[in-house]
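Analysis of the macromolecular model
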Amino acid sequence: MLVTKRSVLKAALFILIGMTGLPNVVYAKVQLEPLGEVPVPADNKQTPEKIELGKILFYDGRLSGDTTSPCAGCHIQSQGWGFPDDLSMGYPGTVHWRNSQTIINAAYYDKFFWAGSAMSLEAQAKDAAKGAVAGNGEDDIMEARLALVPEYVERFKRVFGDDTPKIHNAWRAIAAFERTMIQRDTPIDNYLLGDKTALSESQLKGKALFEGKANCIACHNGALVSDQKFYNIGVPPSPWWNDDGLAQITFRFELYSKGVTEEMYRTTKADPGAYFRAKRKEMLGKFRTPSLRYTKYTAPYMHNGTIPTLEAVIDFYDRGGVADDGRTTGYPQTKSALIQPLGLTEQDKKNLLSFIEAFSGEQIFIEEPTIPEYQPLFTKEELAGAEK
């Protein structure tokens, strides 16, 4: 018999599909892991001076359109370094269209934003500061403001060697600061590192559910407790888009600016999510798996904040990706087959919640920096003379 490459491929395909006609998919075993050292890119090494500069810039509204929208405006430390409303604060005169995610442990992601549109913390900082419904900043204006602050001129010179502050180095400094905002001493980390007393009896039962009956681990795995893949889990559209005119304008603007067909622009009622990355219909309504770390403090939940508490998140999954009012995704054709009713008991839900809270340690607070002053353009004497 003549053996060809084609015949070998056909035989392999037959073995894969099997007699049932359905693929026999073999999954690699997934597990939870303790969080390791934060990854640092070779072209943006950490230094104490760079981190301190980034911390100041994180709180400085000069890195926005009208100086009112610093990073800290949407990432509030008392709110889990996120934002307490379902949709984040928008640039003045707008509302945002998605929920703000915490910056805690964000440094471990390999893609950023809910739809994975930025590939580094540096790019994320830039895109947030310049996004039309977020910071709405312009490079030349933001850079000019920094150049008028003597302390920034000195700090950028010392950290980056800039004669005057360069805006791209502002994003590098902010990213360096965010790489310090990590939490590795949680109960689950201590347990995975060998301390078998770190989890309570309820949490251990919850862990068994997480890895078994509830199957959370299918997507929430590894050290970050996220596989960083994209799924449609059934989250319904934001109710803001039904009765809030400004939210509707924001949504239509995002559709237009990211590029959709006229038909999609006129008829789309739900966030297309990762569809925007490559305009592939199979990605409609899919979003990157968020980490479960620090989620004890980051309510509300999901890409549009439609689920208010962790208890409600568990109920949502137990119903098979259906909200308490019966609503589900606007893109049922792409909803993940992983999302099925779980049949959890009330005690199961309590144990699972207890375990999910083990991914959070103590709440993280820092001392907010003092924002440096502009250099006066005129002396008091010159101003007094002008008044005369």
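Structure's up top.
Residues numbered from 1 in each chain as written. Predicted model: local features only at pLDDT ≥ 70, side-chain atom pairs only at ≥ 80, totals over all residues. Heavy atoms only, no water.

Here's the deal with the overall build of the chain
The secondary structure content of the chain amounts to 16 helices and two strands. The contacts of the chain with a sequence gap of at least 6 include a subset with a gap of at least 24, amounting to 68%. Accessible area of the chain: about 20,000 Å², with a carbon and sulfur share of 56%. Charged side chains of the chain number 44 positive and 49 negative; the gap between the two group centres comes to 9 Å. (Helix = DSSP H or I, 4+ residues; strand = E, 2+ residues; numbered from the N terminus. Contact = heavy atoms within 4.5 Å. Areas by Shrake-Rupley, 256 points an atom, 1.4 Å probe, with all protein chains shown as cover. Lys, Arg positive; Asp, Glu negative; His and termini not counted. Charge placed at Lys NZ, Arg CZ, Asp CG, Glu CD.)

Let's talk about the side chain of D271
Residue position: D271 is located in the loop between α12 (262-267) and α13 (275-278). Judged by its relative accessible area of 4%, D271 falls in the buried class. Polar side-chain contacts of D271 include one of 2.7 Å to the side chain of R98. A distance of 2.9 Å separates a polar side-chain atom of D271 from the backbone nitrogen of G273. If we ignore the near neighbours within four places in the chain, the residues touching D271 are W97, R98, W241, F251, F276, G285, F287, H303 and Y331. (Buried < 20%, exposed > 50% of the residue type's maximum accessible area, 1.4 Å probe, protein only. Polar contact = N/O pair within 3.5 Å; in protein donor to acceptor, adjacent residues only side chain to side chain.)

Quick word on the packing of helix α2 (residues 48-58) against helix α7 (residues 167-178)
Running from amino to carboxyl end, α2 crosses α7 at an angle of 100 degrees, the nearest separation of the two axes being 7 Å. Of the possible angle classes, the one that applies to α2 and α7 is roughly perpendicular. Along its contact with α2, which presents K50, I51, L53, G54, K55, L57 and F58, the element α7 presents A170, R172, A173, I174, A176, F177 and E178. A class-by-class count of the residues in the contact of α2 with α7 yields nine nonpolar, one polar and four charged. (Axes fitted to C-alpha atoms, helices over the stretch in contact; angles between N-to-C directions. Parallel < 35°, antiparallel > 145°, perpendicular 65-115°, else oblique. Nonpolar A, V, L, I, M, F, W, Y, C, P; charged D, E, K, R; others polar.)

Some details on the nonpolar core
Residues L32, F210, I233, M302, L352, F355 and F359 are the most contacted members of the largest nonpolar core, which totals 31 residues. When neighbours within four sequence positions are excluded, L32 is seen to be in contact with L192, F210, E211, I217, H220, N221, G222, V225, F355 and F359. The next biggest cluster of nonpolar side chains, apart from the first, holds 28 residues, and it includes L57, F58, F177 and Y297. (Core = buried A, V, L, I, M, F, W, Y, C linked by side-chain atoms within 4.5 Å.)

Considering a nonpolar patch on the surface
A surface patch of nonpolar side chains, amounting to about 530 Å² of accessible area, comprises L148, Y374, L377, F378 and L383. Note on placement: L377 falls in the loop between α15 (346-356) and α16 (380-387). (Patch = residues over 30% accessible without salt bridge, like charges linked within 9 Å, V, L, I, M, F, W, Y side chains within 5 Å. Salt bridge = Lys/Arg side-chain N within 4 Å of Asp/Glu carboxyl O.)

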